[in-house]
There are 2 protein chains.
Amino acid sequence: METRPRNGKITEYNQPFIEQRADPYVLRHNDGKYYFTASVPAYDRIALRCADSLTGLASAEEKTVWTKHESGPMSRHIWAPELHFLFGKWYIYFAAGEQDNKWKIRPYVLECLGEDPMADEWIEKGKIQRSDDDIYSFEAFSLDGTVFENKGEWYYIWAEKVSVGIQISNLYIAKMESATKLSTAQVLLTTPDYDWERVDIWVNEGPAVIKHDGRIFVTYSASATGECYCMGMLSIDENAELLDPRAWKKERYPVLGSDPEKGFFGPGHNSFTQAADGSDVCVFHARTYRDIEGDPLYDPNRHTMLMKVKWNDDGYPVFDYENMVR
Amino acid sequence: METRPRNGKITEYNQPFIEQRADPYVLRHNDGKYYFTASVPAYDRIALRCADSLTGLASAEEKTVWTKHESGPMSRHIWAPELHFLFGKWYIYFAAGEQDNKWKIRPYVLECLGEDPMADEWIEKGKIQRSDDDIYSFEAFSLDGTVFENKGEWYYIWAEKVSVGIQISNLYIAKMESATKLSTAQVLLTTPDYDWERVDIWVNEGPAVIKHDGRIFVTYSASATGECYCMGMLSIDENAELLDPRAWKKERYPVLGSDPEKGFFGPGHNSFTQAADGSDVCVFHARTYRDIEGDPLYDPNRHTMLMKVKWNDDGYPVFDYENMVR
């Protein structure tokens, strides 16, 4: 597979970890195994990889565990799958559109009937269900759902668009009563407030959760998916009320953006995992060139890359291309 | 005119200052004169009062300065007019719908051709214009525009609804380049985050600005217009970046709500003025009873009331029915 350096280059920093896998997601399970999934360029299926080490994922066999429908819900734009283990079972959260309405993107869930996500059967659990008192969530373009646990409770964070006409993508949070249903109405976590979140289109999406030293950090991606795509960050004390949006702090500037010199363009839609020694790793995608022919959404060369996460004296994560896993 | 105490009462606290005037607005001009305007129950016109004293407004003659059109824009639901003097002229900001589409509410401006808003001619300046780089503002139900000056620049705050289907009313802020046009794209100031902003419908509306001791406070109204209607508050240091929504602090709880004992139901949509001695006064509407027959929007008995604004040791305003102007 060729990685063409159109107005770009392969440098000592930007060698892809896995080529042509966007919205990359890595899970280190409590048995030490690593799992990988991501959006594939055809947006037509969900594939998993499993390996005994993080770096082993690069060459691990990819197994398709679910394929899109021919029509109707979940028949197009299969995006951003994530594998999670909660309420005692394996789940895959993903977003999908419809053949006849490719922008009718909604969040869906698969459930594994056994204990081995690579080998056991996956069944469809339908669309994520909002809480009974919520008349707003998942009415519009919504995607990039992720889940995390805090103080024994599970939370769901997702991106959803609002406004009439051209829309704005925001991030919302709610508590979960099960792996497939929310128990509280949506709360707005962040909307594109700043210039760097408003390039071409106003977007906040791709939330990813990491905890460190009593704080919860949520990185997210902003702006259109070209060179302007970048990562912002929210944070909160783990003892605060996570459903109070004013208890979250939002960084005024991006925490990671393009670096033409080092050959990174449009970094974002990350997830977090740990190396075997427990140190934190940021899994993200980026292109190695700036100029895209046609719609960026259908340019396949968003590659999965790995970066070590360092922590500063204030307990905040530092994202720096000097810390790429090579 | 009768003020019927249906499940309510007239108490020593809740005597109306002006009956059946909702969304009340008082301006004390720099020549010492007081002006009053408000939504009238028929929602069909804009009327001004002028007096030499605040209390004189109660008995001042009301002059209609503009009447709704027969059809098209500004032909129905003439709401929440405010009189302001900026860029050297008098303006009236208001919201209006259309006969054929009563919920197509948009913000409009009138300009006075002379120096006397009571006597001189008013002309229509059309809809408020968003900035050239803003494709979002005033596309949907939008109303309750107010303006204020800080550090030599003028700002516009308004309410606008988002979402598909049933909508959510948020508050936005932008800078103004003239009395009729904004110079920056919308920034989200507040959305209904908390339970008390989400009763029946999710609403933030009716912003009003008051400054005190280096801080800018914006009160606003939340929830549906029945008993649940109440006032929330934002604040910011006057030296901060007013277009940075994260620089604003939002109060976790309402600053003024219903008080059945004292006979106030659904207080809100306030404005601020000063008494002759320069002390601050909150002008708001409330009903004197809880039970409304039919649509609250067409119940005429939202009365204008006055409350002295006290300031606590932290420099924050205190809203207390013990401080009504009687």
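Residues numbered from 1 in each chain as written. Chains lettered and ligands numbered in written order. Predicted model: local features only at pLDDT ≥ 70, side-chain atom pairs only at ≥ 80, totals over all residues. Heavy atoms only, no water.

Caption draft 1: How the structure looks around the overall build of chain A. Summing up its helical and strand segments, chain A has 0 helices and 21 strands in all. Rg of the C-alpha trace for chain A: 18 Å, near the compact-globule value of 20 Å for 326 residues, within the 12% margin. Counting only C-alpha atoms and orienting by the principal axes, one finds that chain A spans roughly 50 × 45 × 40 Å. A buried classification covers 60% of the 326 residues belonging to chain A. Considering only residue pairs separated by 6 or more positions, chain A has 50% of its internal contacts joining residues 24 or more positions apart. For chain A, the exposed surface amounts to about 12,500 Å²; the carbon and sulfur share of it is 43%. (Helix = DSSP H or I, 4+ residues; strand = E, 2+ residues; numbered from the N terminus. Rg over C-alpha atoms; globule rule 2.2 N^0.38 Å. Buried < 20%, exposed > 50% of the residue type's maximum accessible area, 1.4 Å probe, protein only. Contact = heavy atoms within 4.5 Å. Areas by Shrake-Rupley, 256 points an atom, 1.4 Å probe, with all protein chains shown as cover.)

Caption draft 2: Structural detail: the nonpolar core. Counting residues in each nonpolar core, the largest one holds 42 residues, and the members touching the most others are Tyr93 and Tyr156 of chain A together with Tyr93 and Tyr156 of chain B. Looking at this core, the elements that each hand over two or more residues are β6 (89-98), β10 (153-162) and β11 (168-175) of chain A together with β6 (89-98), β10 (153-162) and β11 (168-175) of chain B. (Core = buried A, V, L, I, M, F, W, Y, C linked by side-chain atoms within 4.5 Å.)

Caption draft 3: Examining the sheet that holds strand β5 (residues 76-86) of chain A more closely. Residues and elements named next belong to chain A. One open sheet accounts for 4 strands, arranged β5-β6-β7-β8; its pairing is antiparallel. Across the chains shown, the open sheet's two edge strands, defined by having one partner strand only, are β5 and β8 (122-127). Strand-to-strand, the axes of this sheet are offset by a mean angle of 25°, without reference to chain direction. Relative to β8, strand β7 (residues 101-112) is paired through 4 bridges, and the arrangement is antiparallel. Bridged to Leu110 within β8 is Glu124. (Pairing = 2+ DSSP bridges. Axes fitted to C-alpha atoms, helices over the stretch in contact; angles between N-to-C directions.)

Caption draft 4: Here's a closer look at empty space enclosed by the protein. Evaluated as defined, the whole model comprises 7 cavities of 30 Å³ or more. Estimated volume of the largest cavity: approximately 200 Å³. Forming the walls of the largest cavity are 25 residues, and the residues nearest its centre are Asn170 and Leu188 of chain A together with Asn170, Leu188 and Thr191 of chain B. Secondary structure elements with two or more residues in the lining of the largest cavity: β11 and β12 (187-190) of chain A together with β11 and β12 (187-190) of chain B. Here the residues of the lining of the largest cavity sort into 14 nonpolar, 8 polar and 3 charged. Empty space within the second largest cavity amounts to approximately 80 Å³. Tyr136, Glu139, Ala140, Glu160, Lys161, Val162, Tyr172 and Gln186 of chain A together with Ser163, Val164 and Ile168 of chain B are the residues that line the second largest cavity. (1 Å grid on protein atoms, 1.4 Å probe; cavity = no way out; pocket = protein on both sides within 12 Å on 5 of 7 lines; lining within 4 Å. Points joined across faces, edges and corners; volume = space filled by probe spheres on them. Nonpolar A, V, L, I, M, F, W, Y, C, P; charged D, E, K, R; others polar.)

Caption draft 5: Representation of the pattern of salt bridges in the model. Summed over the entire model, instances satisfying the criterion amount to 40 salt bridges over all chains. The closest approach of N and O atoms between Lys175 of chain A and Glu153 of chain A, which form a salt bridge, is 2.9 Å. Taken as a pair, Lys175 of chain A in strand β11 and Glu153 of chain A in strand β10 lie far apart in primary sequence, 22 residues in all. Exposure remark for Glu153 of chain A: the relative accessible area of 34% places this residue in the partly exposed category. Here Glu139 of chain B ties to Arg130 of chain B by a salt bridge, and the two come within 2.8 Å at their closest N and O atoms. By relative accessible area, which is 36% here, Glu139 of chain B ends up partly exposed. A relative accessible area of 27% places Arg130 of chain B in the partly exposed class. Three or more residues are tied together by salt bridges with common partners; here these are Asp193, Glu197 and Lys250 of chain A together with Arg246 of chain B. (Salt bridge = Lys/Arg side-chain N within 4 Å of Asp/Glu carboxyl O.)

Caption draft 6: Seen up close, the side chain of Asn204 of chain B. Within the secondary structure, Asn204 of chain B is located in strand β13 (residues 204-212). Discounting residues that sit within four places of it in the chain, Asn204 of chain B has contacts with Ala159, Ser169, Asn170, Leu171, Thr190, Thr191, Pro192, Glu197, Tyr220, Ser221, Ala222 and Lys250 of chain B.

Caption draft 7: How the structure looks around the relation of the copies chain B and chain A. Expressed as a screw transformation, the operator carrying chain B onto chain A has a rotation angle of 180° and an axial translation of 0.0 Å, and the superposed copies differ by an RMSD of 0.0 Å. Expressed as a symmetry operation, the mapping of one chain copy onto the other fits a two-fold axis. Among all residues of chain B, the one whose C-alpha sits closest to the rotation axis is Ser163 of chain B, at a distance of 2.5 Å. (Least-squares fit on C-alpha atoms with pLDDT ≥ 70 in both.)

Caption draft 8: Structural view of unusual backbone geometry. All names here are of chain A. Its identity as a non-glycine residue notwithstanding, Met74 has a phi of 65°, on the positive side. Its location among the elements puts Met74 in the loop between β4 (63-67) and β5. Even without a glycine there, the phi angle at Phe87 is positive, about 50°. Here Phe87 is to be found in the loop between β5 and β6. For Phe87, a relative accessible area of 44% translates into the label partly exposed.

Caption draft 9: Inspection of the side chain of Glu82 of chain B at higher detail. All names here are of chain B. Assignment of secondary structure puts Glu82 in strand β5 (residues 76-86). Buried charge Glu82 goes without a salt bridge, the closest partner of opposite sign being Arg302 at 13 Å. Only 2.6 Å separates the side chain of Glu82 from the side chain of Thr146, close enough to count as a polar contact. For Glu82, the contacting residues outside a window of four places in its chain are Tyr25, Thr37, Tyr91, Ile92, Tyr93, Gly145, Thr146 and Pro207. (Lys, Arg positive; Asp, Glu negative; His and termini not counted. Polar contact = N/O pair within 3.5 Å; in protein donor to acceptor, adjacent residues only side chain to side chain.)

Caption draft 10: Representation of the interface of chain B and chain A in the model. With 27 residues of chain B at the interface, the matching set in chain A holds 27 residues. With both chains or domains summed, chain B and chain A bury close to 2,300 Å², and 58% of this area falls on carbon and sulfur atoms. Put simply, chain B and chain A have 4 salt bridges between them. Where Asp244 of chain B meets Arg252 of chain A, a salt bridge forms, and the shortest distance between an N and an O atom there is 3.8 Å. (Buried area = accessible area lost by both parts, 1.4 Å probe.)

Caption draft 11: Up close: the sheet that holds strand β4 (residues 63-67) of chain B. Residue and element names in this part refer to chain B. Strand order in this open sheet of 4 strands is β1-β2-β3-β4, and the pairing throughout is antiparallel. Each edge of the sheet is formed by a strand with only one pairing partner; in this case those strands are β1 (22-28) and β4. The sheet shows a mean angle of 25° between the axes of neighbouring strands, direction not considered.

Caption draft 12: Geometry of the environment of Lys181 of chain B. All names here are of chain B. Secondary-structure assignment places Lys181 in the loop between β11 and β12. By relative accessible area, Lys181 is classed as buried at 15%. With sequence-adjacent residues up to four places away left out, Lys181 is seen in contact with Gln129, Arg130, Asp132 and Met176. Within the local environment of Lys181, its side chain forms a polar contact with the side chain of Asp132, the two groups lying 2.8 Å apart.

Caption draft 13: Geometry of the confidence of the model for chain A. Here chain A averages 96 in pLDDT, and 98% of its residues register 70 or above. Scored by ipTM, the complex comes to 0.91, with pTM at 0.94. (pLDDT = per-residue confidence, 0-100.)

Caption draft 14: Broad picture of the packing of aromatic side chains. Summed over the entire model, instances satisfying the criterion amount to 50 aromatic pairs over all chains. The interplanar angle of 45° and the centroid separation of 4.9 Å between the aromatic rings of Phe138 of chain A and Trp158 of chain A together place this pair among those described as tilted. Placement of the pair is Phe138 of chain A in the loop between β8 and β9 (142-150) and Trp158 of chain A in strand β10, with a sequence separation of 20 residues. Of the residues examined, Trp158 of chain A reaches a relative accessible area of 0% and is grouped as buried. For the pair Phe94 of chain B and Tyr108 of chain B, a centre-to-centre distance of 6.0 Å together with 35° between the ring planes defines the contact as tilted. Within this pair, whereas Phe94 of chain B is found in strand β6, its partner Tyr108 of chain B is found in strand β7 (residues 101-112), the two being separated by 14 residues in sequence. (Phe/Tyr/Trp six-rings, centres within 6.5 Å; stacked < 30°, edge-to-face > 60°.)

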